[in-house]
Each structure stands twice: as C-alpha cells, then as structure tokens.
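# Summary of structural features
Listed here are the chains, written in short residue letters.
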Amino acid sequence: MSPDASGLALDYLYDANPPAGTVTEIAPGVRWLAMPLPTSLNHINLWLLDDGDGVAIIDTGIFWDASKEVWQRVFAEHLGGKKITRLIITHAHPDHIGLAGWLTETLGIEMWISTTEWEMGYRISGDEGGQIIRDSGLALYRRGGLGAEAEQLAGTRITTRIPMARVPEHYHRLQDGMELKIGARNWRVIVGRGHAPEHCCLYQPELDIFIAGDQVLPKITPNVSLWPNRSEQDPLGNFLASLDKIGRAVPDSVLVLPSHNLPFHRLHARLRQLRDHHADRLDEVVRACDTPRPAIELVPVLFHRKLDQRQMGFAMGEALAHLQHAVTQGRLKREERADGAWLFGRA
Ligand SMILES: [Zn+2]
C-alpha cells in the first residue's frame, strides 16, 4: 500500500488511532477493537457487533502471541459476560484471517466467509513448506522481468511469510448481495474485487455504517496486485469496477469503518480519489512505455521511495496490475521475452 496525501480531505471521527487493545463504541452495538500488527502498518481495526445474546467478530489479526493476548483481554474484560457467537471474515489476507483457526477452536464458534477467500486461506494456511507463495512469487518476478534473480527472491517469500493458523475446513458461505442477519439487524454483503478476489464488505442502512475491510481505505491506497499464476488477470479493472459498484450501492452519508487507519465520512469523495489516483498512475506507466519495458523498470515510476524486499513484491504486483489494465484498455500491448518476462509497449 502506498501513502496518499489526498486522504486529508476526508472527515475523520477521531484524531488518532487508539492504543492496541483498546475497545471503542462506535455506534449502538458496534465496537472497534484496535489490534497490533508487527509490520510498518502497525495495527488492524477489528469490529465487534452485538449478535443477540452475544457478540460477532469481524476479522482476527495475525497469528502471533500479541493478538491472542489482546483477544484474551477482550474476552475477560469487554464482553460483560456475553459470549462470542461467530467469526466473519472480510478476506483471506493473514492480518484478517490469520487467527481464524485459533478463534474458532478456542471459542467453539463457526466462520462466515466467501468461497474464493476461504479456498485461498485454506490452501495457504495448509501449505507448511510455503510452496504456494514461493510459486506465486516466482511467476510474479519472472513475468516482471527479474530474470535469474527471480528464483532466489521467490525463495525469500517462504522465510518472510506471515504465519497463519490452519483455516477451518467448515465455513458458512457469504455471497454478494445477501443479507446477513446479525442480532436484530440485516447487514448487506457487498463483494469487492482487485485487492482480494472475493472481498466482503458489510453495509447496514439503519446504522448508516459501511464496514469496508481493505476495499476502501483512507490515507493509503489498497494494494492491487496482478499475480500471474492466479485467476484474476485484470485486478485493477476489477478494483475500479468495484469502486463504482460501491458508489452505487452505498450512500455517501455512511460512516466508513476501514481495516486500517481511522473511521471516516465522505465515502464518495474517497472513491473518487482512489479512481483519480489510479488514472494518474495509468497515464504515467503508459507514458513510460515508449520503448517496450518489463514491470521491474516501471516500479520506480510508480514508487518514489526505497523499497524493502517485501514491499518490492507488492510494488511489482502493482506495476503489473497497471500495465495489464492499460493492455485491457488498448493503450499498451504485451509481448513475451525469451526468459518469460512480459514487455509492455505502446499499442
Ligand atoms: Zn488485505
């Protein structure tokens, strides 16, 4: 994800993120749990929704002791004797689903998630040797133009990966457009694509609240990566279409609850900013392709700061997503180099 100064125009409900472990009431029956993360993005926002006699959880935090300690404190001090009823997952990234196996087992509860996200989480959490993420990395770096370095760099994805508790085998399926009854209220499931293939957002009209997950974030733009060996082959096109769909389905009046940074108002302004951001990036990559180039040469065009190895993977995925979308738009064409790299030049 990349910093984005245009987030300044939004209306935030709070001045700063609360300390890790804090539980804040946001609306009647809706609470915000600040969960620590050991990454440059140092927190994830989780949500606790009143669910009849108990409380439903939205997302989990990653699989490490600090998250478990926060959860134990929540169970002991913040539920007023109520039980956790179930776990709802927006998408299968490790900060959102990493503790699903531990929570469902510890609490004896079940999980609600979309099928595509479940499949991904289940496969990756069961891949003890890290083969799946190594192979994804290898395809990414080869297609991106890293040549002989691709193999070695893909190998580092195994050692630097964020561990996940085994994702439960059984789940309840979330689908686009369905109404999920949580306590007395219906929450509409709105699927977004591009950041993850079947990411579930939740919209509740009476409370005027939109749980956005990572689909719409303030201050940073959600990562949109093309993974050459996975099914979604125009993720940026899918992401932009999802922004339009959310703009049609969710009114501007909502309070947006994003997974990172602060709750905010002015959803439609944020959707516009995200569209504009990607339109500018598309123009930049197209301009830079007067002579055919691989994605690795476009990374400095899109990212003007020094990247560590992990960020390099995201940056390469972002560059490929923009280049491929320009191909879909007919502005660029893609050719294959002898070593398998994709070269992008003017159409
Ligand atoms: Zn995510």
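The preceding data block contains the structure.
The present account deals with the structure reproduced in this document. Because the structure is predicted, anything quoted here is derived from the model rather than measured.

### Quick notes on unusual backbone geometry
The phi angle at Asp208 is positive, at roughly 55 degrees, despite the residue not being glycine. Along the chain, Asp208 falls in the loop between β12 (199–204) and β13 (209–213). The backbone of Arg266 shows a phi angle near 80 degrees, a positive value even though the residue is not glycine. Structurally, the position occupied by Arg266 is in the loop between β16 (264–265) and α8 (267–287). The exposure class assigned to Arg266 is partly exposed, which follows from its relative accessible area of 34%.

### A few points about helix α6 (residues 149–159)
When we look at burial in α6, the residues that qualify are Ala150, Leu153, Ala154, Thr156 and Arg157. Buried residues in α6, looked at end-on, bunch into an arc of 150 degrees, giving them a common side. Each element contacted by the buried residues of α6 is listed here: α5 (131–144) and α10 (309–328).

### So, the packing of aromatic side chains
Tallied over the full model, the rule gives six aromatic pairs. Ring geometry for Tyr12 versus Phe264: centroids 6.4 Å apart, planes at 65 degrees, classification edge-to-face. In this pair, Tyr12 is assigned in strand β2 (residues 11–12) and Phe264 in strand β16, connecting sequence segments 252 residues apart. Seen in terms of ring centroids, Trp118 and Tyr122 are 4.8 Å apart; in terms of plane orientation they differ by 20 degrees. Their pairing is stacked. Placement of both Trp118 and Tyr122 in helix α4 (residues 115–125) is noted, with a separation of four residues, approximately one turn of the helix. According to the relative accessible area criterion, Trp118 is buried, its value standing at 13%.

### Overview of the coordination of the zinc ion
Ideal geometry at a metal centre: 109.5 degrees between donors when four sit tetrahedrally, and 90 or 180 degrees when six sit octahedrally. Ligation of the zinc ion by protein atoms is provided by His91 (NE2), His93 (ND1), His195 (NE2) and Asp214 (OD), these donors lying 2.1 to 2.2 Å from the ion. Considering all four donor atoms around the zinc ion, the spread of angles at the metal, 91 to 169 degrees, places the coordination shape in the irregular class. Sequence positions of the residues that donate to the zinc ion give the spacing H-x1-H-x101-H-x18-D. Remark: Asp214 occurs in the loop between β13 and β14 (220–221) and His93 occurs in the loop between β7 (83–88) and α2 (94–97); sequence separation between them is 121 residues. Overall, the relative accessible area of 1% leaves Asp214 in the buried class.

### Overview of helix α1 (residues 65–77)
Count 3.6 residues to each turn of an α-helix, and residues three or four apart come out pointing the same way. For α1, built from 13 residues, the straight-helix expectation of 18 Å at 1.5 Å per residue is met to within 8% by its first-to-last C-alpha distance of 18 Å. Inspection of α1 places Ser67, Val70, Trp71, Val74 and Phe75 among the buried residues, and these make up the whole buried set. Viewed end-on, α1 has its buried residues packed into an arc of 135 degrees, placing them on one side of the element. Within α1, the exposed residues directed more than 90 degrees away from the buried face are Asp65, Glu69, Ala76 and Glu77.

### Re the sheet that holds strand β9 (residues 172–173)
Pairing in this open sheet of seven strands is mixed, and the strands run β3-β4-β5-β6-β7-β8-β9 from one edge to the other. Unpaired on one side and paired on the other, β3 (23–27) and β9 mark the two borders of the sheet. Alignment of strand β5 (residues 43–51) against strand β6 (residues 54–58), held across five bridges, turns out to be antiparallel. Paired with Trp47 across the strands is Ile58, a residue of β6.

### Points about the nonpolar core
Judged by nonpolar contacts, the single largest core of 51 residues is most densely connected at Tyr141, Phe210, Val216, Ile246, Val250, Leu267 and Leu323. The element contributing the most residues to this core is α10, with eight residues. Once residues lying within four places of it in the same chain are set aside, the contact partners of Val216 are Leu243, Ile246, Pro258, Phe264, Leu267, Arg270, Leu271 and Leu274.

Parameters and conventions
- Residues numbered from 1 in each chain as written.
- Predicted model: local features only at pLDDT ≥ 70, side-chain atom pairs only at ≥ 80, totals over all residues.
- Heavy atoms only, no water.
- Helix = DSSP H or I, 4+ residues; strand = E, 2+ residues; numbered from the N terminus.
- Buried < 20%, exposed > 50% of the residue type's maximum accessible area, 1.4 Å probe, protein only.
- Arc of directions from axis to C-beta.
- Contact = heavy atoms within 4.5 Å.
- Phe/Tyr/Trp six-rings, centres within 6.5 Å; stacked < 30°, edge-to-face > 60°.
- Donors = N, O, S within 2.8 Å, 3.2 Å for Na, K, Ca; no water.
- Tetrahedral: all angles 85-135°; square planar, octahedral: opposite > 155°, others 65-115°.
- Expected span 1.5 Å × (residues − 1).
- Pairing = 2+ DSSP bridges.
- Core = buried A, V, L, I, M, F, W, Y, C linked by side-chain atoms within 4.5 Å.

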